[in-house]
Amino acid sequence: MRTSPRLSLNNGVLIDQLGFGLYKVPAKDAEGLVATALAAGYRHFDTAAMYGNETGVARGISSQLGAGEGNGGSGELFPPLGREDVFVTTKVWNDHHGYDATLRAFDDSMVNLGLDYVDMYLIHWPCPRRGLFPETYRALETLYREGRVRAIGVSNFQPAHLDRLLQSAEVVPAVNQIELHPWLQQEELRSKHAELGIRTEAWSPLGRGQVLADPVIQACAAEHRKTPAQVILRWHMQLGNIAIPKASSEARIRENLDVFNFELSERDLVAIKELDRGQRTGSHPDNVN
């Protein structure tokens, strides 16, 4: 019962375009939320060592593996959920940059997740003043060649960081996960991604809830009889972004996934494009070290 369409990464691996983000989800809540999201149709989960909830994510996934996927009232039977049906991303944190430290951090994440492999492993922040991200990425390339991860990428990299990385990298990152929402559209960076064959993945795709009150978004929601969150997520889908909204209730989990039965018009897209104000809800990548 996969609900989201899948996109192909630059190495052919498929990823659900709409995933479930687990930033600031307490470890004790992660298991139940992940299990609920799986039952709703999510198959893509984004966690990180820094979030402290990898073990809860693992328990939530494990609780659903082997279970039937339900029939949605149609009477049709679906095969049991297998590990290959679930896409798991985690990330190496800033204090583990460097080749050997990254390999050790990955081993710790694997223990927490209880998996034989991770679908995608990312550098969480470039930490440019430390200057270690090329070595950190070299460790990711080793893990990729060993088959311990299916895809590798980065998060919060700016154009200059990507340029520096690609001077030595042998594997082009599959994604760059960045803060992206209607108030921070990062067109220059998205163009860079398109040029390099890197998928754009949006964290804080709803602007941490702040953008939901924007009058343009609310008017668009009223016109389509959808919620502001659904309008913004639909905007991401039509731009070709991967998005990983967080949700803390079953109702919101299902609401966020219900964005594939309507389409924004060109007029809607132009109106939302004009909302860009370069406003971050999180830190600037140059300032995180």
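Computed from a predicted structure; not experimentally measured.

### Side note on the pairing of strand E6 (residues 118-123)
By the criterion of burial, E6 is predominantly enclosed, with six of the six residues buried. Both strand E5 (residues 87-92) and E6 contribute to a ladder of four bridges, which runs parallel. From the neighbouring strand, Val-92 faces E6, where its bridge partner is Ile-123. After leaving E5, the chain enters helix H3 (residues 99-113) and then returns to the sheet as E6, a path that is right-handed. With five bridges joining them, E6 and strand E7 (residues 149-155) adopt parallel strand pairing.

### Some thoughts on the confidence of the model for the protein
Across the protein, pLDDT averages 95, with 96% of residues at or above 70. Under a pLDDT of 50 for its full length, residues 70-76 has, in the predicted model, four contacts with residues more than four places off or in other chains.

### Considering the packing of aromatic side chains
In total, this model carries six aromatic pairs according to the counting rule given. A centroid spacing of 5.5 Å and a plane angle of 75° characterise the contact between Phe-20 and Tyr-42, whose relative ring orientation is edge-to-face. Placement of Phe-20 in strand E3 (residues 20-21) and of Tyr-42 in the loop between helix H1 (27-40) and strand E4 (44-46) is noted, with a sequence separation of 22 residues between them. Plain terms: the ring middles of Phe-133 and Phe-157 are 5.1 Å apart, the flat faces sit at 70° to each other, and that makes the pair edge-to-face. Placement of the pair is Phe-133 in helix H4 (residues 133-145) and Phe-157 in the loop between E7 and helix H5 (159-165), with a sequence separation of 24 residues. What makes Phe-133 buried here is its relative accessible area of 1%. For Phe-157, a relative accessible area of 0% corresponds to the buried category. Here the aromatic cluster, defined as three or more aromatic residues joined through ring pairs, consists of Phe-20, Tyr-42 and Phe-45. The ring of Phe-133 has Arg-164 sitting right over it, with the charged end atom 5.1 Å from the ring centre. The ring of Trp-183 carries Arg-277 above its face, with NZ or CZ at 3.9 Å from the centroid.

### Quick look at the nonpolar core
In this structure, Phe-20, Phe-45 and Tyr-137 are the most contacted members of the largest nonpolar core, which totals 64 residues. Excluding residues that lie within four positions of it along the chain, Phe-20 makes contacts with Leu-33, Ala-37, Tyr-42, His-44, Phe-45, Asp-46, Ile-244, Pro-245, Ala-247 and Ile-253. Leu-9, Ala-151, Val-175 and Ile-242 belong to the second-largest nonpolar core, a separate cluster that totals eleven residues.

### Observations concerning the packing of H1 against helix H9 (residues 250-257)
Packed helices, taken two at a time, are described by the angle between their axes plus the distance between the axes. Direction vectors running N to C along H1 and H9 enclose 40°, while the axes themselves pass 10 Å from each other. Viewed along their axes, H1 and H9 adopt a mutual orientation that is oblique. Here the hand of the crossing between H1 and H9 comes out right-handed. Between H1, through Leu-33, Thr-36, Ala-37, Ala-39 and Ala-40, and H9, the contact on the second element is made entirely by Glu-250, Ile-253, Arg-254 and Leu-257.

### Points about the pattern of salt bridges
Within the structure shown, the criterion is met by 14 salt bridges. Across the salt bridge formed by Asp-119 and Arg-150, the nearest N and O atoms sit 2.9 Å from each other. Of this pair, Asp-119 sits in strand E6 while Arg-150 sits in strand E7, and the two are 31 residues apart along the sequence. The partner of Arg-267 in a salt bridge is Glu-223, with the nearest N and O atoms 3.2 Å apart. Placement of the pair is Arg-267 in helix H10 (residues 266-273) and Glu-223 in helix H7 (residues 215-224), with a sequence separation of 44 residues. Among the residues examined, Glu-223 registers a relative accessible area of 46% and is labelled partly exposed. Connected via shared salt-bridge partners are Arg-83, Asp-119 and Arg-150.

### So, unusual backbone geometry
Of note, the phi angle at Cys-127 is positive, near 45°, even though the residue is not glycine. Position of Cys-127 among the secondary structure elements: in the loop between E6 and H4. Not every positive phi belongs to a glycine, and Arg-208 is a case in point at roughly 50°. When you line up the elements, Arg-208 lands in the loop between strand E9 (199-203) and H7.

### Regarding the sheet that holds strand E8 (residues 175-179)
One open sheet holds the eight strands; their spatial order is E3-E4-E5-E6-E7-E8-E9-E10, and the pairing between them is parallel. Of all the strands in the sheet, the pair left with one neighbour each is E3 and strand E10 (242-243). Together, E5, E6 and E7 form the strand contacts of H3, whose direction differs from that of E6 by roughly 140°.

Cut-offs applied
Residues numbered from 1 in each chain as written. Predicted model: local features only at pLDDT ≥ 70, side-chain atom pairs only at ≥ 80, totals over all residues. Heavy atoms only, no water. Buried < 20%, exposed > 50% of the residue type's maximum accessible area, 1.4 Å probe, protein only. Helix = DSSP H or I, 4+ residues; strand = E, 2+ residues; numbered from the N terminus. Pairing = 2+ DSSP bridges. Right-handed = clockwise from strand over helix to strand, strands pointing away. pLDDT = per-residue confidence, 0-100. Contact = heavy atoms within 4.5 Å. Phe/Tyr/Trp six-rings, centres within 6.5 Å; stacked < 30°, edge-to-face > 60°. Lys NZ or Arg CZ within 6 Å of the ring centre and 35° of its normal. Core = buried A, V, L, I, M, F, W, Y, C linked by side-chain atoms within 4.5 Å. Axes fitted to C-alpha atoms, helices over the stretch in contact; angles between N-to-C directions. Parallel < 35°, antiparallel > 145°, perpendicular 65-115°, else oblique. Left-handed = near helix turned anticlockwise from the far one by under 90°. Salt bridge = Lys/Arg side-chain N within 4 Å of Asp/Glu carboxyl O.

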